[in-house]
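Analysis of the macromolecular model
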Amino acid sequence: MVFSKSLSAEEFNPEVIMNSGQVFRMKREIPGAHGMPDTYSACSGDNDVYFYLNKDNDTWDFVCEEAQWDFWQRYFDFETDYVSFNDSVRASSDKFLKESLMDSFGMRILRQDLWEVFISYIISQNNNIPKIKKSIQVLCDRYSDGIHFPKPDVLAFIPETELMDGTALGYRADYIIGVSKGVLDGSIDLEKISSLPYDEAYNALIKIKGIGPKVANCIMLYGFHFMESYPIDTWMKKIITEDYSSYSKDEYLNYINESYIGFQGYIQQLQFYHKRKKK
DNA sequence: AACCAGGCTAAAA
DNA sequence: TTTTAGCATGGT
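Residues numbered from 1 in each chain as written. Chains lettered and ligands numbered in written order. Predicted model: local features only at pLDDT ≥ 70, side-chain atom pairs only at ≥ 80, totals over all residues. Heavy atoms only, no water.

**Structural notes on the pattern of salt bridges**
We count it as follows: A pair is scored as a salt bridge if a Lys or Arg side-chain nitrogen falls within 4 Å of a carboxyl oxygen belonging to Asp or Glu. The helix count covers DSSP runs of H or I at least four residues long, the strand count covers runs of E at least two residues long, and both are numbered beginning at the N terminus. Only protein chains enter the calculation, and the probe is 1.4 Å; a residue is then buried if its accessible area is under 20% of its type maximum, exposed if over 50%, and partly exposed in between.
Tallied over the entire structure, the rule returns 12 salt bridges. A salt bridge links R25 to E116; its shortest N-O distance comes to 2.7 Å. Note that R25 is positioned in the loop between helix 1 (14–18) and strand 2 (27–28) and E116 in helix 5 (residues 114–123), a separation of 91 residues in sequence. Residue class for E116 comes out buried when judged on its relative accessible area of 8%. Of the charged contacts, one joins D87 and R90 as a salt bridge, the two residues approaching to 2.8 Å between their closest N and O atoms. Here R90 and D87 lie together in helix 3 (residues 82–91), a separation of three residues that amounts to about one turn. In this structure, a network of salt bridges that share partners links the residues E10, D87 and R90.

This is the structure:
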């Protein structure tokens, strides 16, 4: 089933989204796939979609099962008006932020499968994006069908030595097995945590072994869709010291939280994408 | 060939 | 409470 949506380049740009470090398995298919020059595909939980810009009527066509269309509309966060918010960025006097926006039109914050986000960001710690993508793909190949993400009941029972072998997961393998068991026995309930208020959800997450402040904020932003989350990694630290040097860290965070209410996570994504692209 | 990467845990101070 | 060593491993 094909679902068409009229989306401007400022509303939706898959190249920007899939290279922004919030998602590790969205990809551009080889040219000609599905008979279209540029097709993208995504998979989240048990849902699958591919999509392309339809030059004939200037819409994006999304191809998925009819019952999954609601999921994908939420996944791409189509109910949020990013363009109107962009106007307020353009109207601000924040030079670095405006520069970031110019560089990343079409960014959106995805609402991804909780389990995949949970494991993916455990893997992301002290790691780099190309390597994170490879590790996740090996997991999908070895412990699933190569497309869908492996389930907790599979990951929970892999011997640690096996999980470390050839996956480049390193010491993170132990964390993955641990949380998989936690989800299986019910002591970790991602759906339940996702329904908590920000502070309670955050505190519940950082109690879990392998999850600290930064990973918790990523899970909350990209999985739970807490748009007030503002993950701070090594790149964001660089931004604060190099591009906002007139602020102390606390002053800077106050500025973000007071000026961009409900869109802090989106701001962070623009900045992160821009900073990483410059280097 | 060192240093870095979407950091965290646990021990030390 | 805040600071720091150690951690697996491939990318740059």
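Let us keep going from here.
**Notes on the protein's contact with DNA strand B**
Defined as follows: Summary of the distance rule: residues count as near a molecule or strand when at least one heavy atom falls within 4 Å of that molecule or strand. We define a polar contact as two N or O atoms separated by no more than 3.5 Å, with the added condition that, inside protein, one atom must be a possible hydrogen donor and the other a possible acceptor, whereas residues neighbouring each other in sequence contribute only through side-chain atom pairs.
Neighbouring residues of DNA strand B: 30 residues in total, closest G21, N127, I129, Y171 and Q268. Protein-proximal atoms of DNA strand B, defined as those within 4 Å of the protein, fall in sugar or phosphate at a share of 60%. G212 is positioned such that a nitrogen or oxygen atom in its backbone is 2.9 Å from a phosphate oxygen of DNA strand B. With respect to DNA strand B, the side chain of D233 contributes an N or O atom lying 2.9 Å from a sugar or linking oxygen.

**A few points about the protein's contact with DNA strand C**
Put simply, the rule reads: All amino acids are sorted into three groups, where Ala, Val, Leu, Ile, Met, Phe, Trp, Tyr, Cys and Pro are nonpolar, Asp, Glu, Lys and Arg are charged, and the leftover types, Gly among them, are polar.
Lining the immediate environment of DNA strand C, one finds N126, N128, P130, K131, K134, M164, A168, G170, Y171 and R172. If you look at DNA strand C and keep only atoms within 4 Å of the protein, 59% of those are sugar or phosphate atoms. Within the side chain of K131, one N or O atom sits 2.9 Å away from a base oxygen of DNA strand C. A distance of 3.3 Å is found between a sugar or linking oxygen of DNA strand C and a backbone nitrogen or oxygen belonging to Y171. Here the surface near DNA strand C takes three residues from helix 6 (residues 129–143), the largest share from any one element. Grouping the constituent residues of the surface near DNA strand C by class yields four nonpolar, three polar and three charged.

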